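Here are the chains, one letter per residue:
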Amino acid sequence: MLDLDAEVLHEYHRELIGWVGQESADRPQGRPAADRPRVVDLGAGSGTGSLALARELPGAEVTAVDVDPDMLAHLRARADAAGLGDRIRTVEADLDAAWPPLGPADVVWAASSMHHMADPGRALASALRVLRPGGLLVVAELESFPRFLTGTADEGLEDRAHAELARRRHEAGLHMRADWAGLIAGAGFSAVTERRFEISLRPPLSPAAARYAEVALLRMRHGLEERLAPTDLAALEKIAAGMGGRSDLTVRTTRTVWLARA
Ligand SMILES: C[S@@+](CC[C@H](N)C(=O)[O-])C[C@H]1O[C@@H](n2cnc3c(N)ncnc32)[C@H](O)[C@@H]1O
């Protein structure tokens, strides 16, 4: 799912990485001129950010942190296959507990991971301590999962599923719609900048986009096992199975990104 996200939303990812590359071009205070830029990717997942940042920032050394060893194994395989294995190290750690030593870093990147933290304010304060003065924090968050069926006869079902999923995430304590600018400033960062990316991909979509829709709808269906009517669950499964043959699919999502300085 995360790899498909990177592939299907590649224009967004490219624009974001380019922006971060520009913003981190100046060497922060305290980094010796001979040192390579150091990046820490918090909740790195399958490595979309780690790999892109290693490519974008010349010579950068990336530390990819995640609680899930399977994610890190996947990330390591991708980094090695891309010839970036010597510049990306993986660290298995639960960022809700005491952090291992990760700094000093020039960039801390957290994409779709801050909302998983038990206490995002505390995690952001820890990120501040990892950064050198003047270093760059990047937090990317999504308001909800992408939508694929807008404007089709199945739109109502997708709406019901999203509403139920939002309730489930809220009950699970995920901080999907937190006041990120406020939390970032409250943790002690300055120069907080916000940018919203509206993503809308229209037909004809690539086979990867159809696969992304299929995987996302199936995940949604499994996450809502006890929470949607059996007819809705069966309909979701049928729609997911038929993605490849449809010509009316769209991909709609928004991502919001905050940059800030330590
Ligand atoms: C939605 S994924 C995002 C992955 C990646 N940053 C991306 O943009 O594709 C969230 C990641 O955060 C990790 N995560 C969640 N809670 C965590 C914690 N307490 N400590 C470390 N990693 C965590 C998950 O294992 C998962 O890989």
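Structure shown above.
Treat the numbers as computed from the prediction; the structure is a model and nothing was measured.

Engineer: What should I look at first to understand the site of the ligand in this one?
Structural biologist: Residues in contact with the ligand amount to 17 residues; listed here are only the nearest, Gly-43, Asp-66, Asp-94, Leu-95 and Ala-111. Between the ligand and Asp-66, the relevant distance is 2.6 Å, taken from an oxygen atom to a side-chain nitrogen or oxygen of the residue. Within the backbone of Val-67, an N or O atom sits 3.3 Å from a nitrogen atom of the ligand. Against a free-state accessible area of 600 Å², the protein chains account for coverage of 85% of the ligand. Class assignment of the residues belonging to the shell around the ligand gives a composition of 8 nonpolar, 5 polar and 4 charged.

Engineer: Before we go on, may I ask you to explain the packing of aromatic side chains in this structure?
Structural biologist: For any pair of aromatic rings, the description rests on two quantities: the centre-to-centre distance and the angle between the ring planes. Overall, the coordinates contain 2 aromatic pairs when judged by the stated rule. Ring centres of Tyr-12 and Phe-197 lie 5.0 Å apart, and the angle between their planes is 75 degrees; on these two criteria the pair is classed as edge-to-face. Of the two residues, Tyr-12 sits in helix 2 (residues 10–23) while Phe-197 sits in strand 6 (residues 190–201), which places them 185 residues apart along the sequence. Just as Tyr-12 is buried, Phe-197 falls in that class too. Arranged with centres 5.5 Å apart and planes meeting at 90 degrees, the rings of Phe-148 and Tyr-212 form a pair that is edge-to-face. With a gap of 64 residues between them, Phe-148 in the loop between strand 5 (131–142) and helix 6 (155–171) and Tyr-212 in helix 8 (residues 207–223) connect regions that are remote in the sequence. Relative accessible area serves as the criterion here: at 0%, Tyr-212 is assigned to the buried category. Above the plane of the ring of Trp-19 lies Arg-195, whose end atom (NZ or CZ) is 4.7 Å from the centre.

Engineer: Even after reading the chapter, I still don't get the pattern of salt bridges, so can you show me in this structure?
Structural biologist: Close approach of charged atoms lets side chains of opposite charge pair. In the structure shown here, the tally under the stated rule is 19 salt bridges. Across the salt bridge formed by Arg-195 and Glu-15, the nearest N and O atoms sit 2.8 Å from each other. On the criterion of sequence distance, the pair formed by Arg-195 in strand 6 and Glu-15 in helix 2 is long-range, its members being 180 residues apart. Among the salt bridges present, the one from Glu-164 reaches Arg-227, with a minimum N-O distance of 3.0 Å. With Glu-164 in helix 6 and Arg-227 in the loop between helix 8 and helix 9 (230–241), this pair connects stretches of sequence that are 63 residues apart.

Calculation rules
Residues numbered from 1 in each chain as written. Predicted model: local features only at pLDDT ≥ 70, side-chain atom pairs only at ≥ 80, totals over all residues. Heavy atoms only, no water. Near = heavy atom within 4 Å. Polar contact = N/O pair within 3.5 Å; in protein donor to acceptor, adjacent residues only side chain to side chain. Areas by Shrake-Rupley, 256 points an atom, 1.4 Å probe, with all protein chains shown as cover. Nonpolar A, V, L, I, M, F, W, Y, C, P; charged D, E, K, R; others polar. Phe/Tyr/Trp six-rings, centres within 6.5 Å; stacked < 30°, edge-to-face > 60°. Helix = DSSP H or I, 4+ residues; strand = E, 2+ residues; numbered from the N terminus. Buried < 20%, exposed > 50% of the residue type's maximum accessible area, 1.4 Å probe, protein only. Lys NZ or Arg CZ within 6 Å of the ring centre and 35° of its normal. Salt bridge = Lys/Arg side-chain N within 4 Å of Asp/Glu carboxyl O.

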